[in-house]
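# Structural overview for review
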Amino acid sequence: MAKDKLIGVDLGGTTIKFAILTDQGEIQQKWSIKTNILDDGTHIVPDIIESINHHLDLYQLDKERIIGIGMGTPGTVDREAGTVTGAFNLNWKTEQPVKADIEAGTGFTLTIDNDANSAALGEAWKGAGNNDDEVSFITLGTGVGGGLLANGKLIHGTVGAGGEVGHMIVEPDGYLCTCGNRGCLEQYASATGVVHLAQNIAEEYVGSSKLKKMIDDGEEVTSKIVFDLAKQGDFLANKVVDKVAYYLGYATATMSNILNPSAVVIGGGVAAAGEFLRARVEEHWNKFAFPTVRNSTRVKLAELGNDAGVIGAASLAREAV
C-alpha cells in the first residue's frame, strides 16, 4: 500500500492542533485538543499519542499509508535527539524526550522543529511563499518569532537559534526584553509591545484621542484596539502604528538585505490588521532595502492563518523521508 498521508501537529500553550494531509499538503482532516499543562506538562505527550491513535481509528485510516508525523513546538529543539527544552509555557521545566515517546506510542517516525519554523515552512510551501526556495517569515503574536528559508532549507544555525528575528535590536538601549537584552524587535512589534509603545507615546501626547483617554482611565488596551482606533482615524493610535511599522520595516529590510528572499511574509495575530499594517511596513521597508532587493523581494501577508503550523509540521515529515 502506498504511503501517501502526513500527520501535522502544532503544539501550543493553550491548544494542540492536528491535521491529516496528503503528501501534496492538502488538509483532509483536522481537529484540536486543549493543552493540559498540569503536573509539569506530563500529560501533553500522552494526550498527543492518544489523540493521533484515536483519530486514525475514527477515520479508519490504514497506518501503512502514513509517511510520518511532523511537529512544531515551543522551546529549544534538538532536532537530532528529538528533545525539547525551555518550553516554559508548556510547564516543561526539564528536557523532554518527545521524539522517543511519540514514536514508541504511535509507531510512526516523528520529525520535530520549533513552532515558528514550522509556520514558516507552511507559508513557504502552501501559502504566501508560493513554494519558493527563498522565503523569510516573521510572526507577530504574544512574542515575535520567525523562520528563514534559504535554498529550500530552514536556517537553524549552530545550536538552533537561527531565525530568532524577534531578537534583532531595532532600538539600541531600548525596552528591556525577556532575553536580557534591550531594544529587541519583540518589545515593539508583539501584541504586548504595541501596547507598551502606546502607553509610552500617550504619556507625551497632549491632543484629544480616544486611545489616550482609555490609557489615562486605566481601561484595558490591546494591540487590536490600537489598530482599530488607528483605522478610525485616531491620531495617537496612528502615531503608534507608524512607529510599529517603522520598526518592522527596518527589521524586515535588514532580513531582506541579508537573504534577498522572494518574499518576506508577515503572519501572526498582530498581522490580522492586514493591508493597513502591511502597506505601512512596506513604506518603511522601501527606505531601508538595498535597491536590488527592493526590486526583487516582496513584503506580503501570510495566507494560511491557523493552518500554517500543521501544514509546515507535515512538511517536516515529508522532508524527513
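Structure: see above.
Let us look at the structure shown here. (Residues numbered from 1 in each chain as written. Predicted model: local features only at pLDDT ≥ 70, side-chain atom pairs only at ≥ 80, totals over all residues. Heavy atoms only, no water.)

### Description of the nonpolar core
Counting residues in hydrophobic clusters, the biggest one holds 46 residues, and the most contacted among them are Leu140, Leu185, Leu211, Val240 and Leu248. Broken down by element, the residue count for this core peaks at eleven residues, all from helix α9 (residues 235-259). Residues within four places of leucine 140 in sequence aside, it is in contact with Ala189, Leu248, Ile266, Gly267, Gly268, Gly269, Val270, Ala271 and Leu277. Residues Ile7, Val9, Leu90 and Leu110 belong to the second largest nonpolar core, which totals 27 residues. (Core = buried A, V, L, I, M, F, W, Y, C linked by side-chain atoms within 4.5 Å. Buried < 20%, exposed > 50% of the residue type's maximum accessible area, 1.4 Å probe, protein only. Helix = DSSP H or I, 4+ residues; strand = E, 2+ residues; numbered from the N terminus. Contact = heavy atoms within 4.5 Å.)

### Quick word on the pattern of salt bridges
Under the criterion given, the structure shown has twelve salt bridges. The partner of glutamate 275 in a salt bridge is arginine 278, with the nearest N and O atoms 2.8 Å apart. Remark: arginine 278 and glutamate 275 occur in helix α10 (residues 275-288); sequence separation between them is three residues, near one turn of the helix. One connected set of salt bridges, linked through shared partners, spans Glu275, Arg278 and Glu282. (Salt bridge = Lys/Arg side-chain N within 4 Å of Asp/Glu carboxyl O.)

### Topic: the environment of alanine 273
Mapped onto the elements of the fold, alanine 273 is located in the loop between β11 (263-267) and α10. Note on alanine 273: relative accessible area 10%, which makes it buried. The spacing of alanine 273 and lysine 231 is 42 residues in sequence and 9.3 Å in space, taken between C-alpha atoms. Excluding residues that lie within four positions of it along the chain, alanine 273 makes contacts with Phe227 and Lys231.

### Things to note about the packing of helix α8 (residues 223-231) against α9
As a packed pair, α8 and α9 sit with axes 8 Å apart at the nearest point and diverge in direction by 115°. Two packed elements cross with a definite hand, and for α8 against α9 that hand is left-handed. In this structure, α8 contributes Val226, Phe227, Leu229 and Ala230 to the contact, and α9 contributes Ala237, Asn238, Val240 and Val241. For the contact of α8 with α9, the residue count by class is seven nonpolar, one polar and no charged. (Axes fitted to C-alpha atoms, helices over the stretch in contact; angles between N-to-C directions. Left-handed = near helix turned anticlockwise from the far one by under 90°. Nonpolar A, V, L, I, M, F, W, Y, C, P; charged D, E, K, R; others polar.)

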